[in-house]
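The lines below spell out each chain.
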Amino acid sequence: MADPAIHDISATAAQEARVQGRSRFIDRILNRFAHSSIPFEIVFPDGGRRSFGNAHPSFTVTLRDRQALRALASMDEGRVGDAYVEGHLDINGDMLRPFEIRKSMSDQHYAVAAWRFLEPLLFGQVRANRRAIADHYDIDSDFFLAFLDPQHPAYTQGVFHSRDESLAEATRRKFDYCFEKLGLKPGDRVLEVGPGWGAWFEYAAQRGVKGTGLTISKESADYLRRRASQLGQDWSVIDCDFLAYETTERYDAIVIMGVIEHLPQYDKVLRKFASLLKPGGRIFLDGSACTKKYELSTFMVKYIYGANHSFLVLHDFLEQMARTPLRVRELHNDRDDYFLTFQHWAMNFDRSRDEVIRRFGEFNYRRFRLYLWGAAYEFLSGSLDCYRMIIEYPTFEGTSTR
């Protein structure tokens, strides 16, 4: 029979070890942020609070357990993201400020990074695209409609003339620009790559334009077909990867809003554009951009955009375009517009918190909340850009357009 005294001693020793472990993590956290210029507060699992910086805390990080302590003490961005998504820590307050701390964190997760490129090599790019798109988009459409603009549910930036404009006004202005610069008229046929929830389809259809959409999101395709039936529209929605799409038809224009991030093989994309567009036709394209190909955080790869997707790298894209008959007609930097758009989305999402968690679970709420506020900060801080462009398939006097 075991000696109860020995059991008590062992339990006490284990408890002391746990306490010492927590103390070690707390000491490490306190030392890391002792000279922080960012004003914030940490609430520790025992209820203790500590403020940092020389001003009133702009946000609060609440550490709920040992896992949260370990994550923050590691100063590893990926581990902190995991801890937030799993509910071990909470962040509240000014949700733009926490991302300033990222500059002092590491993010080295080699297995996650390697799998991004192994997956398309092992299973093919089209299959990898389909899996990654399903992970992000194949939640019930009401999830996305909880933060997108209700009038124009476009999953890309609006174009703002002032910071106090509504997202609806900014999105409508972008659609007006797109329609005008593409030179569209009633009866024209437009191919949209990634039509999402039909915001552009509805706008163009009201002006007599016939839309064909390519999507590999089952949820998006189902939603668009239901929406077309409700509106009495004859949209054509095709379940097909853009790079695998084959047709003898040539379109008057192509619209690709916020989808180029999922198509980083620019040489193939641009050749496909040229094969689908009538000579004299134009393309509207926009996308989030950075200066280094495939640069994504571990959090983004694990929870938002998997596979070998990439923010638009403009110089690479233009270099590949120079090898095709396509040419840029207009180019705009919409970085500030995308900051304002993401800020609108993040605030909409926070207002919908209870309903989103009730219907879609805390995991989906947490991963998208961190994504929306984090992306807003990246545009605000200049870490990301956003480009909007009109591309044309020019025709010249004396040349055939057949």
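Data block above holds the structure.
Residues numbered from 1 in each chain as written. Predicted model: local features only at pLDDT ≥ 70, side-chain atom pairs only at ≥ 80, totals over all residues. Heavy atoms only, no water.

Re the packing of helix α10 (residues 266-276) against helix α12 (residues 314-321)
Okay, so step 1: Where α10 meets α12, the axes come as close as 9 Å, and the angle between the chain directions of the two elements is 50°. Comparing the axis directions of α10 and α12 gives the class oblique. Crossing angle aside, the handedness with which α10 passes α12 is right-handed. Of the residues in α12, those touching α10 at Tyr266, Asp267 and Leu270 are Asp316, Phe317, Gln320 and Met321.
Okay, so step 2: Within the contact of α10 with α12, the residues separate by chemical class into four nonpolar, one polar and two charged. (Axes fitted to C-alpha atoms, helices over the stretch in contact; angles between N-to-C directions. Helix = DSSP H or I, 4+ residues; strand = E, 2+ residues; numbered from the N terminus. Parallel < 35°, antiparallel > 145°, perpendicular 65-115°, else oblique. Left-handed = near helix turned anticlockwise from the far one by under 90°. Contact = heavy atoms within 4.5 Å. Nonpolar A, V, L, I, M, F, W, Y, C, P; charged D, E, K, R; others polar.)

Re the pairing of strand β1 (residues 40-43)
Okay, so step 1: Along β1, one buried face is formed by Phe40 and Ile42 and the opposite face, lined by Glu41 and Val43, is buried too.
Okay, so step 2: Note: β1 against strand β2 (residues 49-52), four bridges, orientation antiparallel. Across the sheet, Val43 pairs through a bridge with Arg49, a residue of β2.
Okay, so step 3: The turn linking β1 back onto β2 is made up of five residues, and Gly47 within it adopts a positive phi angle of 95°.
Okay, so step 4: As paired elements, β1 and strand β3 (residues 59-63) share three bridges and run parallel to each other. Across the sheet, Glu41 pairs through a bridge with Thr60, a residue of β3. (Buried < 20%, exposed > 50% of the residue type's maximum accessible area, 1.4 Å probe, protein only. Pairing = 2+ DSSP bridges.)

Regarding the packing of aromatic side chains
Okay, so step 1: Overall, the coordinates contain 38 aromatic pairs when judged by the stated rule.
Okay, so step 2: Between the aromatic rings of Phe175 and Trp200, the centroid separation amounts to 5.6 Å while the plane-to-plane angle is 80°, which identifies the pairing as edge-to-face. Here Phe175, found in helix α7 (residues 167-181), pairs with Trp200, found in helix α8 (residues 199-205); they are 25 residues apart in sequence, far enough to count as distant. Trp200 carries the same exposure label as Phe175, and that label is buried.
Okay, so step 3: Ring plane angle 25° and centroid distance 4.8 Å describe the contact between Tyr338 and Phe379, whose orientation is recorded as stacked. Of this pair, Tyr338 sits in helix α13 (residues 335-351) while Phe379 sits in helix α14 (residues 353-381), placing them 41 residues apart in sequence.
Okay, so step 4: What makes Phe379 buried here is its relative accessible area of 1%.
Okay, so step 5: Looking at Arg207, its charged tip hangs above the ring of Tyr203, at a distance of 3.6 Å from the centre.
Okay, so step 6: Across the ring face of Tyr84, the terminal group of Arg366 is positioned such that the distance to the ring centre comes to 4.8 Å. (Phe/Tyr/Trp six-rings, centres within 6.5 Å; stacked < 30°, edge-to-face > 60°. Lys NZ or Arg CZ within 6 Å of the ring centre and 35° of its normal.)

Observations regarding the sheet that holds strand β8 (residues 251-257)
Okay, so step 1: Read from one edge to the other, the open sheet built from seven strands follows the order β7-β6-β5-β8-β9-β11-β10, with strand pairing classed as mixed. Single-partner strands in this sheet number two, and they are β7 (236-239) and β10 (327-333). Within this sheet the neighbouring strands show an average axis-to-axis angle of 15°, counted without direction.
Okay, so step 2: Two strands pair when backbone bridges link them, and β10 and strand β11 (residues 385-392) are joined in this way by six bridges, in the antiparallel orientation.

Some words on the nonpolar core
Across soluble globular proteins, nonpolar side chains show a tendency to be buried alongside one another.
Okay, so step 1: Ranked by internal contacts, the top residues of the largest apolar core, which has 72 residues, are Ile42, Leu63, Phe144, Phe147, Tyr155, Phe368 and Tyr371.
Okay, so step 2: At 12 residues, α14 tops the list of elements feeding residues into this core.
Okay, so step 3: Tyr251, Ile260, Leu326 and Met389 belong to the second-largest nonpolar core, a separate cluster that totals 32 residues. (Core = buried A, V, L, I, M, F, W, Y, C linked by side-chain atoms within 4.5 Å.)

Notes on the pattern of salt bridges
Okay, so step 1: Per the counting criterion, the structure on display carries 29 salt bridges.
Okay, so step 2: Across the pair Glu319 and Arg323 runs a salt bridge whose closest N-O atoms are separated by 3.2 Å.
Okay, so step 3: Taking the relative accessible area as the measure of exposure, Arg323 reaches 60% and is therefore exposed.
Okay, so step 4: In the salt-bridge network here, residues are joined through shared partners; they are Arg64, Asp90, Glu362 and Arg366. (Salt bridge = Lys/Arg side-chain N within 4 Å of Asp/Glu carboxyl O.)

Considerations on the side chain of Asp385
Okay, so step 1: Mapped onto the secondary structure, Asp385 falls in strand β11.
Okay, so step 2: Although buried, Asp385 forms no salt bridge, and the nearest oppositely charged side chain, Arg335, lies 4.1 Å from it.
Okay, so step 3: In terms of polar contacts, Asp385 uses its side chain to reach the side chain of Asn333, at 3.1 Å.
Okay, so step 4: In contact with Asp385, not counting residues within four places along its chain, are Gly287, Ser288, Ala289, Asn333, Arg335 and Phe379. (Lys, Arg positive; Asp, Glu negative; His and termini not counted. Polar contact = N/O pair within 3.5 Å; in protein donor to acceptor, adjacent residues only side chain to side chain.)

Notes on unusual backbone geometry
Okay, so step 1: In this structure, Met75 is a non-glycine residue whose phi angle is positive, near 55°.
Okay, so step 2: Checked against the element boundaries, Met75 lands in the loop between α2 (66-74) and α3 (77-85).
Okay, so step 3: A relative accessible area of 5% places Met75 in the buried class.
Okay, so step 4: Positive phi is not limited to glycine here, since Tyr294 has a value of about 65°.
Okay, so step 5: With respect to the helices and strands, the residue Tyr294 is situated in the loop between β9 (277-289) and α11 (298-303).

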